[in-house]
Amino acid sequence: MLFRSEHGPDNLLAMAQVKEYAAIARVARGAQFPNLQYALTTSPAPREPGQDLASNYYSGIGAIWEIDLWGRYARSAEASRADWMASVENAHGVAASLVGAVSNLYYTIAALHRTEEVVRAVADNQREGLKIIQRQSRAGVLSAAEERQQESALAATEALLPTISQKSHNAEHQLALLLGRVPGSGPLGVSTDSASPAEIPSGIPADLLLRRPDIRSAEAALRAAHARVEVARSLFFPDISLTGAFGSTSSSLSDALHGRANKVASIGPQASLAIFSGGALRANRDAALARSEQAVISYHRTINAALAEVANDIDAIRTSTELREIQRRRSEVAIEARRLAELRFRSGTTSFIELLDAQRQVLASQSDLIQAELSERQARIDLYLALGGGWKDSQ
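Rules of the game
Going along each chain's sequence as written, the residues are numbered from 1 onward. Per-residue local features of the predicted model are confined to residues with pLDDT of at least 70, and side-chain atom pairs are confined, for both listing and counting, to 80 or more; whole-chain, interface and lining totals are unaffected and use all residues. As a rule here, side-chain values come from all non-hydrogen atoms in the structure, and water together with hydrogens is ignored. By definition, two strands form a pair when at least two bridges between them are found by DSSP. Think of it this way: any DSSP run of H or I at least four residues long counts as a helix, any run of E at least two long counts as a strand, and we number them from the N terminus. Residue count minus one, scaled by 1.5 Å, sets the expected span of a helix. Lines fitted to C-alpha atoms define the axes here, with helix axes fitted over just the stretch in contact, and angles between the N-to-C directions of these axes take values from 0 to 180 degrees. Working definition: roughly parallel below 35 degrees, roughly antiparallel above 145 degrees, roughly perpendicular at 65 to 115 degrees, and oblique for all remaining angles. In this analysis, two residues are considered to be in contact whenever any of their non-hydrogen atoms come within 4.5 Å of each other. Residue type decides the class: Asp, Glu, Lys and Arg count as charged, Ala, Val, Leu, Ile, Met, Phe, Trp, Tyr, Cys and Pro as nonpolar, and the leftover types, Gly among them, as polar. Throughout, the protein atoms alone are placed on a 1 Å grid, and a set of points is a cavity if a 1.4 Å probe fits but cannot get out or a pocket if it is open with protein on both sides within 12 Å along at least five of seven lines; lining residues have an atom within 4 Å of a point. Grid points are joined across faces, edges and corners, and a volume is the space filled by probe spheres set on the points. By definition, any crossing whose near helix is turned counterclockwise from its far helix by less than a right angle is left-handed, and any crossing with a clockwise turn is right-handed.

A. Quick peek at the pairing of strand β3 (residues 239-250). Here strand β2 (residues 55-67) pairs with β3 via 11 bridges, running antiparallel. Counterpart to A63 in the pairing with β3 is G244.

B. Examining helix α7 (residues 280-347) more closely. When the terminal C-alpha atoms of α7 are compared, their 95 Å separation across 68 residues agrees well with the 100 Å that a helix rising 1.5 Å per residue should span. At the exit of α7 stands G348, carrying a positive phi of roughly 80°.

C. Representation of helix α4 (residues 160-178) within the structure. With 19 residues, α4 should reach 27 Å at 1.5 Å per residue; the first-to-last C-alpha distance of 28 Å fits that figure. Just past α4, the residue G180 takes up positive phi, approximately 75°.

D. Expanded view of the packing of helix α3 (residues 144-158) against α4. The contact between α3 and α4 brings their axes to 4 Å, and the two run at 5°. Taken together, α3 and α4 sit at an angle that is classed as roughly parallel. On α4, the residues touching A156, T157 and E158 of α3 are L160, L161 and P162. Each residue belonging to the contact of α3 with α4 can be placed in one class, and the counts come to 4 nonpolar, 1 polar and 1 charged.

E. The arrangement of the pairing of β2 in detail. Of the strand pairs in this sheet, strand β1 (residues 35-44) and β2 are connected by 10 bridges, and their pairing is antiparallel. When the bridges of β2 are listed, S43 appears paired with N56.

F. Spatial organisation of the environment of M15. With respect to the helices and strands, the residue M15 is situated in helix α1 (residues 9-30). M15 sits 72 residues away from S87 along the chain, and the two C-alpha atoms are 8.5 Å apart.

G. Region of the structure containing empty space enclosed by the protein. Within this structure, the stated rule accounts for 2 cavities of 30 Å³ or more. In terms of lining, the largest cavity is formed by E66, I67, D68, L69, W70, R72, Y73, P238, D239 and I240. Elements with a minimum of two residues in the lining of the largest cavity: β2, α2 (72-138) and β3. Class assignment for the residues of the lining of the largest cavity results in 6 nonpolar, no polar and 4 charged. Residue lining of the second largest cavity: Y107, A110, A111, R114, I370, E373, L374 and R377, and that is the complete set. Class assignment for the residues of the lining of the second largest cavity results in 5 nonpolar, no polar and 3 charged.

H. A look at the packing of α2 against α4. One can describe the packing of α2 onto α4 by two numbers: an axis separation of 9 Å at closest approach and a directional angle of 160°. Taken together, the axes of α2 and α4 are roughly antiparallel relative to one another. Crossing of α2 over α4 shows left-handed handedness. Every residue of α4 that contacts α2 at L98, A101, V102, L105, I109, L112, H113, T115, E116, V119 and R120 is listed here: L160, L161, I164, K167, S168, A171, E172, Q174, L175 and L178. When the residues that make up the contact of α2 with α4 are grouped by side-chain class, the tally is 13 nonpolar, 4 polar and 4 charged.

I. Seen up close, the sheet that holds β1. The strand order across the open sheet built from 4 strands is β1-β2-β3-β4, with neighbouring strands paired in antiparallel fashion. In the strand order of this sheet, the two ends are held by β1 and β4 (262-272), each with one partner. Strand-to-strand twist in this sheet, taken as the mean axis angle between neighbours without regard to direction, amounts to 25°.

This is the structure we're talking about:
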């Protein structure tokens, strides 16, 4: 399969969200460092006799650094980084889902093409049979009733083709959308002779579940929730920061801007402590604890759901494999039964109804075989996704 889904809109959207969370993580990390800025301020000054207005101007550089004694900013940066990692895993999940969706559509289109080939082959066979019946009808061996029945059977078979074609086109349009292409802009190159997914080895290790994107995302969300609990707790402690300023002040804006005014400088600590907030701090901490509890529950639920999904997919593969083998034997028997029915009909030892039934059985059995093969392939794709992208230890 030559399709690639990196440029699909869902994948591009997920990658853009990763960039957003990466930037947010950098913002959170920046709060741990001093903040340096240039300031130009004005303040009222005592008015001298004869003056209408008077102002003092300050121009200089100021700095503030909040000392992270209680780990507030470190834990906040940790939480933002965990959010970033969760978005990365979500993007991996989107990419894996796209691989699964593209593969499913690819095999679905291939199955529809094969079904169309089967229907056309059966129609050709019925058309040849109609010619024989027409010759026998003109010779008086058969009546017009048999001829009409064969024409009706042929029309019923040919009537299947438009529906199959429509389903095939719809699936191709969906595939084009997933790949970020304009539907109908060109052939997708789906082959009816498509290879099946790799065989599944026995003894799949349970550790493969740990690389599932949803489990890793839930784990990152759990780390973020725990870190935010510590952030909420740190708000009960005082904020301590160091501030400093160096510049010049003057009643003349020009002197202040060009450094010709009196120089001023200051440095010292600042501290603040919330005394009363109407219970907001406690409520904020309780909310953080509740979110942490939810993250724990979500993490365990995700793991249990993954175990159930893998078990179901393994059962689905076993069942679909058995069904495919049964349908293969049924198809072989139906083809042989049709061959014998045609020989007996030409020799006049069987009825036309038996031949019609044999033709219908061939079409039904081969169509069901194609569907069984598709179901088996889809079950293998589902297990591939359930194991986080395959069943090999290497990632």
